[in-house]
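Chain and residue survey
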Amino acid sequence: MIQSTPLHSELTGLSTPRPELLRALIPLVNHQTIAQVDAFAARLANALLAYSEQSTDSRIANLSFHAGQLLKKNVYAFYHLASVELEKTFKGEIEHLLAEGAQRQLAQGNAGGFSLVSYEEMDQKLALSRVSRAIELDCAEQYAALNIRLSHLLCQDTLSIAQNPFRPDVFLHAIYVAWCAFDPEKNSQELIFPLLRADILFDFEPILGALNQWLVDKNILPVLPESYRIQRNHSQTGHSTESDTEKPLFVPNGVRRGDQISLTTAQKKLKAFLSDGSSVVSSDAAIAPLHAPAKEALNVALFMQLEKAQQSIKLMQQMANAQDVVRLSQLQEQLSDGIGIGVEKHTLDLLAQVFDHVFRNPAIPAPVKELISLLQIPVLKAALIDKDFFFQEQHPARRLIDLLSCYSPAVDQNKGKDDPLYLAMQKNVHRVSIEFDREVALFEEVIHDLESSIAKEEQASADALHIPIQKALRKEKIKQATMTATQEVAVRVGSGEVVAFVETFLENRWTKVLTLAYTVQDEKPHAVVDAIQTMDDLIWSVKPKITLQERQELLNRLPVILARLNKWLSRIKWEDADRIQFFADLAECHASIVRAPLELSPQRQLELAVAAAQQATERRLEKRVAAEQAAMNAPLPVDEHHMMTVAQLERGVWLEFMKENKEVLRVRLAWVSPMRSLYIFTSSQKEKSFSISANELEKAFSQQRAHILVLDKVIDRALLDVLEDMPETK
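Residues numbered from 1 in each chain as written. Predicted model: local features only at pLDDT ≥ 70, side-chain atom pairs only at ≥ 80, totals over all residues. Heavy atoms only, no water.

Remarks on the packing of aromatic side chains
- Counted under the stated rule, the structure contains 20 aromatic pairs.
- Taking 5.9 Å as the distance between ring centres and 50° as the angle between the ring planes, the aromatic pair formed by F501 and F582 counts as tilted. Here F582 lies in helix α28 (residues 577-595) and F501 lies in helix α25 (residues 500-519), a separation of 81 residues in the sequence.
- The class of F501 is partly exposed, set by a relative accessible area of 24%.
- Among the residues examined, F582 registers a relative accessible area of 5% and is labelled buried. (Phe/Tyr/Trp six-rings, centres within 6.5 Å; stacked < 30°, edge-to-face > 60°. Helix = DSSP H or I, 4+ residues; strand = E, 2+ residues; numbered from the N terminus. Buried < 20%, exposed > 50% of the residue type's maximum accessible area, 1.4 Å probe, protein only.)

Here you go:
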């Protein structure tokens, strides 16, 4: 029995019953997870193909290659299986939690649906356990908050990670079961275990964040208890100095959590460079804050010098015929008298190099570089005041520079400095350049204001994309339906045993019928079942009928089969003379089956069986030769690297894209279809957009007609470049 707690009284006022609140989490987590399935499938397929090239075992290499190709060619099928299994697993976990509550055993919670029978399965379990644990640690804060809110809903004191229905091993188990259904080959199933890694799996942060936010919106512990904050603060500050030193400086774009690189060397270089010359610098003394009493006089003099430098930048930029932005490195001599020789000088030197790297970025338009130039002195002030500037990726001053860089191509060059987005950028940059003195919070205010302006721009762009997105969704739905329909037909005619004219009919006509059925599947779920059953009945009807009972069954079922055939063929509007000819051939085939002699000697039966088998073999060989010929005539496949690049593109990324007519555009990825087969791009002129298929985009990358503009984390990247060139301090 679940022990009641004082929290129970707080739940009595909820408008929704407690079990329904928990069950309402299922569609939310399912939606968040399914949104990542297509990208996960692309990463998994690429990993399988890469594994096939690296493996020295020819059997493993062959298995891995075929598994990767299978997934690449049948993403829709895996997407469907994974979606169904994830939803089923989440439902089971929630019901299990509601049924057993606090009585649920830890061992059972960790089992994740796997039975430990052999050493091999034990190894698999341990491998998945390690991945689960890594994800749990990486998302510890989100899981801790979610555990507290779920235990609150259950009216129990605590809820362990092993009881959490959204713990990592639940996702892993669902994906593994989906793969087993997708590829029944047992040996390929074993290949999947080592590839279920953090760098290939889902990004759990947005999933867990959405769950926590939904519960907060439902007023489920919007403010977490004091015990959580104490535990959280302890987890953040309770580590040794060595642990703090090992903390990554930042994670560059494109590196997933499982692949975070250790930047200890860069961290040590940075701390040594920013030190005042002492041989050993602790993490707390890495950058001495200038507002310490001993340096108050220096602060006043220094800040006066910085104000003069800021005015110099403004005047120099207003000069006519200015060809380039004013750089901090150009003002180092002017600032040298007031900057001193210790931490301040090192900070100035480092930031000057960092801004030089930023200004060398060709992807940032010149007008936005001018605005960033006006932020050099305020950012220098912030770095001198706040020792965390160089060590916190999310420092407000760094975030403002990144925000300007990331959205710089969105400024309409035709409108120039009259563009609304540029005006919003200019207003906020000028505010910082004039008002900033010591309060870093000003950067936060400016970021909030600028993000509001950007959000309005993006909403207007999203409204303009409504119709193109609907068209793209329809197009992708038809494409995926066609792929599935083609596969359904291929499975049935691949043996070569279907009579030739029926095989041709299925490939040329019934594929369209199945495509239509799959397209309307959401509105009419029975349509697919009926179309497939009609196809199977047709194939059965043209097979030899040896006994009287089989022939009588054919005569009884034939009217219904013909009626269903005609119904579907009318829906795809196949009304020409070929349809009449097909039914004439079908009638002749059925008549020959019914008229064939009933009494056949064993010798004759054997001869017919051999002849049928030989004919089927010949047809299979013909198909194989045709397929090989088509493969030879097909264009060369796109390099795996470019396929992976396209598969990992995310909304918001900017590309420089050359169209077939040689027109060069800077475009932003505004939308990706659920199956990642279609991409919609917009330019700085929001009303203009165009869509492109994944294959065409891969081809553009392979032909060097498209490349990604590096606009995110510009301060981070510049820091790394500077530190790489810096000699290591021992």
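Further notes follow.
Examining the environment of I532
- Looking at the element boundaries, I532 is found in helix α26 (residues 526-541).
- A residue is classified by how much of its surface remains accessible, and I532, at 16% relative accessible area, is buried.
- Note: C-alpha distance between I532 and V513 (19 residues apart in sequence) is 9.4 Å.
- Discounting chain neighbours no more than four positions away, the residues touching I532 are E488, R492, L514 and Y518. (Contact = heavy atoms within 4.5 Å.)

Observations regarding the confidence of the model for the protein
- For the protein, the average pLDDT comes to 76, and 75% of its residues sit at 70 or higher.
- Across residues 1-17, confidence stays below pLDDT 50; counting only partners more than four residues off in sequence or on other chains, it has 25 contacts.
- Counting interchain partners and residues more than four positions distant, the pLDDT-below-50 stretch residues 104-119 has 29 contacts. (pLDDT = per-residue confidence, 0-100.)

With respect to the nonpolar core
- Grouped together as the largest cluster of nonpolar side chains are 65 residues, with contacts concentrated most on L328, L351 and M425.
- Elements with a contribution of two residues or more to this core: α16 (296-318), α18 (343-359), α19 (366-374), α20 (376-385), α21 (396-406), α22 (420-435), α23 (441-464) and α32 (714-725).
- No other element matches the eight residues that α18 contributes to this core.
- When sequence neighbours within four positions are dropped, the list of residues in contact with L328 reads L335, L348, L351, A352, F355, Q376, I377 and L380.
- Formed by 59 residues, the second largest nonpolar core is a distinct cluster that contains L28, F78, L146 and L201. (Core = buried A, V, L, I, M, F, W, Y, C linked by side-chain atoms within 4.5 Å.)

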